[in-house]
Amino acid sequence: MKITFLGTGTSQGIPVIGCKCVVCQSADKKDKRLRVSVWIKTADKSIVIDSGPDFRYQMLRAGVDDLDAILYTHEHKDHIAGLDDIRPYNYILKKRIDIYATERVQEALRREFQYIFADTKYHGLPQINLHSITGEPFNIGESTIIPFEVIHYRLPILGYRIGDFTYITDAKTISEESLEKIKGTKVLVLNALQKESHISHLTFSEAIEMANKIGAEMTYFTHISHNLGLHEQVSKELPGHIKLAYDGLTIEL
């Protein structure tokens, strides 16, 4: 299994429009962060978690020429806005794309992309197969996907475990029940927004504490804001088993 970080930034990305801070002005490519998303290439399937506003460019930049499924964590715009850009995959690959989401997220997709679901169809619409996530494990090809709940302020959203890989974004709290589903994972991806306290995201110190509690062999922080600091400097503050992810980083399991 190969995992590629398509985006590691927050809802605004980095650089933030109009911001003159040292991070947004940095020349280091690791400080350039698109909206958060990850591409997972298993033995038989190509899967993306979340399709935010940067989806089209992320697919081009990473050279993703095949796509089987999108898993959604939740319905916020920075996670769903790029759904329309699956159309080239429909056309070139001549197949529908499997979309996996909870009923609540499906309702948001129907509101935001009502033309996809309208009774009157026209040529060139995105072609999808919509699958409901109920909380139980499910399969995509040969891989078993284990969804689990985390809390984003008061909003329940989903993390996903696939084999020894676990992906969590936009979390503030994680229940013991969900931690049991994560136990034993070798590679963990976890959000770490900034150093200052935040109502709906793990802070840098909270993410380190959570990573140590979960105990993965390697943890990568994502959903990083410009307030966290420069990639090179912040990386020096982390223990050896935790790293800052960056756009384009690829790891293999």
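Below is a short write-up of the structure. (Residues numbered from 1 in each chain as written. Predicted model: local features only at pLDDT ≥ 70, side-chain atom pairs only at ≥ 80, totals over all residues. Heavy atoms only, no water.)

Moving on: the pairing of strand β2 (residues 37-41). Burial within β2 is extensive, with 4 of its 5 residues counted as buried. Bridging between strand β1 (residues 2-7) and β2 involves 5 bridges; their strand directions are antiparallel. From the neighbouring strand, T4 faces β2, where its bridge partner is W39. Linking β2 to strand β3 (residues 46-49), which pair antiparallel, is a turn of 4 residues. (Buried < 20%, exposed > 50% of the residue type's maximum accessible area, 1.4 Å probe, protein only. Helix = DSSP H or I, 4+ residues; strand = E, 2+ residues; numbered from the N terminus. Pairing = 2+ DSSP bridges.)

Moving on, we come to the sheet that holds strand β11 (residues 187-191). Taking strand neighbours across the sheet as the criterion, the 7 strands line up as β7-β8-β9-β10-β11-β12-β13 in an open arrangement whose pairing is mixed. At either margin of the open sheet sits one strand with a lone partner, and together these are β7 (138-140) and β13 (242-244). Each strand axis lies, on average, 30° off the axis of its neighbour in the sheet, ignoring direction. Taken together, the 3 bridges between strand β10 (residues 165-167) and β11 define a ladder with parallel strand orientation. Within the sheet, the bridge partner assigned to F165 lies in β11 and is V187. Along the sheet face, helix α7 (residues 204-214) touches β11, β12 (218-222) and β13 and points at about 155° away from the line of β11. (Axes fitted to C-alpha atoms, helices over the stretch in contact; angles between N-to-C directions. Contact = heavy atoms within 4.5 Å.)

Before going further, it helps to spend a moment on the side chain of R161. By the element assignment, R161 lies in strand β9 (residues 155-162). The buried charged residue R161 lacks any salt bridge, with D164 as its nearest oppositely charged partner at 4.1 Å. Separated by 3.0 Å, the side chain of R161 and the backbone oxygen of K181 make a polar contact. With residues up to four places along the chain from it excluded, the contact list for R161 reads T144, I145, I146, F148, T166, K181, I182, K183, G184 and T185. (Lys, Arg positive; Asp, Glu negative; His and termini not counted. Salt bridge = Lys/Arg side-chain N within 4 Å of Asp/Glu carboxyl O. Polar contact = N/O pair within 3.5 Å; in protein donor to acceptor, adjacent residues only side chain to side chain.)

The subject of this paragraph is the pattern of salt bridges. Under the criterion given, the structure shown has 12 salt bridges. Between E75 and R104 there is a salt bridge whose closest N-O contact spans 2.8 Å. Here R104 lies in helix α4 (residues 103-112) and E75 lies in the loop between β4 (69-71) and α2 (77-80), a separation of 29 residues in the sequence. With a relative accessible area of 17%, E75 lands in the buried category.

A separate point is the nonpolar core. I168, I174, L190 and F221 are the most contacted members of the largest nonpolar core, which has 27 residues in total. Counting residues per element, this core draws most heavily on α7, at 6 residues. Those residues in contact with L190 that lie beyond four places of it in its chain are I168, I174, L202, A207, M210, A211, T219, Y220, F221 and T222. Grouped together as the second largest cluster of nonpolar side chains are 26 residues, I3, F5, I40 and L249 included. (Core = buried A, V, L, I, M, F, W, Y, C linked by side-chain atoms within 4.5 Å.)

Below, the discussion takes up the sheet that holds strand β14 (residues 250-252). An order of β6-β5-β4-β3-β2-β1-β14 is seen for the 7 strands of this open sheet, with the pairing classed as mixed. Here the strands that pair on one side only, and so sit at the sheet edges, are β6 (128-132) and β14. Geometrically, the sheet is characterised by an average inter-axis angle of 20° between neighbouring strands, direction not taken into account. Sheet analysis places β4 next to strand β5 (residues 97-101), joined by 3 bridges and oriented parallel.

The subject of this paragraph is the side chain of D50. If you trace the backbone, D50 turns up in the loop between β3 and α1 (55-62). As a buried residue without a salt bridge, D50 has its nearest oppositely charged side chain in R104, at a separation of 10 Å. A distance of 2.8 Å separates the side chain of D50 from the side chain of T73, its partner in a polar contact. When near neighbours in sequence (up to four residues on either side) are disregarded, D50 contacts V36, S37, I70, L71, Y72, T73, H74, H79 and T169.

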